[in-house]
Amino acid sequence: MAQTTPVHPVDEVPPVRQLAAFGLQHVLAMYAGAVAVPLIVGGAMKLSPADLAYLITADLLVCGIATLIQCIGFWRFGVRLPIMQGCTFAAVSPMVLIGTTGGGLPAIYGSVIVAGLAIMLLAPVFGSLLRFFPPLVTGTVILIIGISLLPVAGNWVAGGAGSADFGAPKNIALAGFVLVVVLGVQRFAPAFLSRIAVLIGIGVGLAVAVPFGFTDFDGVADADWVGISTPFHFGAPTFEFSAIVSMLVVALVTMTETTGDLIAVGEMTDRRIEPRSLSDGLRTDGLSTVLGGVFNTFPYTAYAQNVGLVGMTRVRSRWVVATAGGVLVLLGLLPKLGAVVAAVPAPVLGGAGLVMFGTVAASGLRTLTQVDFKGNNNLTVVAVSVAMGVLPVGVPTIYEKFPDWFQTVMNSGISAGCLTAIVLNLLFNHLPGKAGSAAPEPDGLAGGGAEEGVEKSREEVV
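This structure is a prediction, so every number in the text was calculated from the model and none was measured.

Explain empty space enclosed by the protein to me, please; I cannot follow it from the model alone.
It is a probe the size of a water molecule, rolled over the atoms, that shows where empty space is left. Enumeration according to the criterion identifies 1 cavity of 30 Å³ or more in this entry. Within this model, the largest cavity holds a volume of roughly 40 Å³. What lines the largest cavity is T88, A115, I119, M247, V250, A251, T254, T289, P299 and Y300. Breaking the lining of the largest cavity down by element, the ones donating at least two residues are α4 (104-128) and α10 (241-269). Taken together, the residues of the lining of the largest cavity sort by class into 7 nonpolar, 3 polar and no charged.

Help me understand the nonpolar core, please; the structure alone is not making it clear to me.
Side chains of nonpolar character tend, in soluble globular proteins, to be buried together. By size, the foremost hydrophobic cluster in this structure holds 109 residues, and its most contacted members are L60, M95, I108, I202, M247, F298 and L328. Ignoring sequence-local partners within four residues, the contact set of M247 consists of A91, M95, I98, S111, V112, A115 and P299. One finds I144, A361, V381 and V382 within the second-largest nonpolar core, a separate group that totals 10 residues.

Whenever I open this one, the environment of V79 confuses me. Can you help?
Position of V79 relative to the elements: it lies in the loop between α2 (49-72) and β1 (85-87). When the C-alpha positions of V79 and T284 are compared, they lie 8.0 Å apart, and in sequence the two are 205 residues distant. Setting aside anything within four residues of it in sequence, one finds V79 in contact with Q70, L262, I273, S277, D280 and G281.

Can you help me understand helix α6 (residues 169-188) in this one?
One full turn of an α-helix is made of 3.6 residues, so residues set three or four places apart face in the same direction. With 20 residues, α6 ought to run about 28 Å at 1.5 Å a step, and its terminal C-alpha atoms sit 28 Å apart, in line with that. N171, L174, A175, V178, V181, V182 and V185 are the residues of α6 that are buried. On an axial view of α6, the arc spanned by its buried residues comes to 115 degrees, and they lie on one face. Residues of α6 that are exposed and angled more than 90 degrees away from the buried face: P169, V180, R187 and F188. Residues of α6 that are buried sit in contact with α5 (135-157), α7 (191-195), α8 (197-209), α12 (304-313) and α15 (346-368).

Teacher, can you tell me more about a nonpolar patch on the surface here?
Among the surface-exposed residues, W225, V226, I228, L330, L334 and L337 lie close enough to one another that they form a single nonpolar patch of about 610 Å² accessible area. Positionally, L330 belongs in helix α13 (residues 318-333).

Help me out: how do you make sense of the packing of aromatic side chains in this one?
The relative placement of two aromatic rings is captured by the distance of their centres and the angle of their planes. Summed over all chains, the structure comprises 7 aromatic pairs. Seen from their ring centres, Y54 and F234 are 5.9 Å apart, and the 90 degrees between their planes marks the pair as edge-to-face. Of this pair, Y54 sits in helix α2 while F234 sits in the loop between α9 (218-222) and α10, and the two are 180 residues apart along the sequence. One aromatic cluster is present, built from ring pairs that chain together F74, W75 and F77.

Conventions adopted
Residues numbered from 1 in each chain as written. Predicted model: local features only at pLDDT ≥ 70, side-chain atom pairs only at ≥ 80, totals over all residues. Heavy atoms only, no water. 1 Å grid on protein atoms, 1.4 Å probe; cavity = no way out; pocket = protein on both sides within 12 Å on 5 of 7 lines; lining within 4 Å. Points joined across faces, edges and corners; volume = space filled by probe spheres on them. Helix = DSSP H or I, 4+ residues; strand = E, 2+ residues; numbered from the N terminus. Nonpolar A, V, L, I, M, F, W, Y, C, P; charged D, E, K, R; others polar. Core = buried A, V, L, I, M, F, W, Y, C linked by side-chain atoms within 4.5 Å. Buried < 20%, exposed > 50% of the residue type's maximum accessible area, 1.4 Å probe, protein only. Contact = heavy atoms within 4.5 Å. Expected span 1.5 Å × (residues − 1). Arc of directions from axis to C-beta. Patch = residues over 30% accessible without salt bridge, like charges linked within 9 Å, V, L, I, M, F, W, Y side chains within 5 Å. Areas by Shrake-Rupley, 256 points an atom, 1.4 Å probe, with all protein chains shown as cover. Salt bridge = Lys/Arg side-chain N within 4 Å of Asp/Glu carboxyl O. Phe/Tyr/Trp six-rings, centres within 6.5 Å; stacked < 30°, edge-to-face > 60°.

That is the geometry; function is a separate question.
In structure tokens, the structure reads:
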């Protein structure tokens with residue numbers, strides 16, 4: 001009797017009803033972040049409501065296309081893991097500066113297209129650097145990603161940054177209620193329901209929010225039924241040197257962040273990232289960013305919000321996230337449907353976000369348990385890297401006196417912590433140690449550059 005080769009959980013195709021539920025859950029987890037970038041940039045440029053709505057639908061459409069490419073893949077594009085794509089916040093400040101100092105949207109889109117092409121060219125270079133991401137570095141980066149996302153959830157819990165009732169007790173109570181529902185479903189519900197605990201929590205939270213006046217469905221009536229994004233809707237792109245330089249710095253930051261996200265998902269799904277797959281994933285970032293410049297939206301990267309959802313639900317199928325990408329395409333083509341999803345109150349998302357983002361941080365700690373901290377400087381690497389990653393999160397204005405390019409890199413806690421971890425790992429575990437440095441210390445803070453537990457391949461560690 002012929003034996004069939006077992007299918008890896010990443011490649012499994014769940015039943016249609018599960019695909020729909022799991023996919024919608026991923027959409028709700030990232031929707032608020034996805035539409036925030038066009039809202040911020042368009043608002044800073046004082047665009048009309050019609051133009052803002054156009055930016056949002058174009059963003060959702062390209063988000064969906066980029067996610068489908070990343071999950072399904074073709075040729076050398078797509079990491080073929082459950083990865084959601086969305087607009088990167090690292091590009092917000094440079095784009096606002098470009099758009100408001102005379103260049104306008106055409107200058108933004110010109111720089112975005114060049115940045116996307118640069119990412120595609122640099123993808124193999126980043127892929128070859130994977131050996132500098134041992135468990136010591138990857139665990140630290142995943143931990144920093146989770147910690148960096150928690151303030152986002154905190155803002156949602158309080159009602160959404162800039163809201164008139166920010167921090168109102170009713171907002172925090174609603175978020176707490178959603179958190180309790182998510183935890184209760186995950187703990188006591190049957191296996192299938194526990195895997196859509198976030199979706200159930202958001203649904204129950206929305207049902208409670210409607211009678212208490214948390215929701216505003218006015219935007220649904222105003223939205224069009226059908227909206228088609230056309231290339232260069234705001235005019236042909238212009239290519240200004242200063243704008244391109246700024247966006248190239250953003251490209252390096254997003255590549256660093258995406259590398260951390262891809263490695264995190266690889267750890268969670270038991271399909272470890274290899275140099276080639278990392279290059280394929282980054283190449284998709286570049287292609288998505290070029291599409292963003294053509295279809296009136298912005299640079300794209302892997303979304304860490306959904307990394308936490310993968311870890312929390314333990315649903316590892318890439319086809320689930322591909323389904324979410326299909327939903328995003330529909331939202332981009334049907335603005336009225338997108339307006340319904342946008343009506344979900346921020347505190348409802350915040351209650352679920354606390355679990356998801358905390359899961360990312362916990363996954364980083366789990367990876368760090370594979371690292372040897374005795375008689376070496378590995379604890380110092382983690383300590384300083386986490387400190388550098390948390391610094392701009394806790395004190396957002398700390399680098400405001402520095403040049404714009406420096407702020408672009410260091411204001412992202414993920415890129416700041418990742419770069420610090422890579423440099424310190426090279427310093428302590430690759431450069432020759434000083435004489436007599438191998439003596440172990442009881443607290444693990446001092447000692448030589450021992451590479452045990454650091455430079456082992458992922459297969460050896462597992």
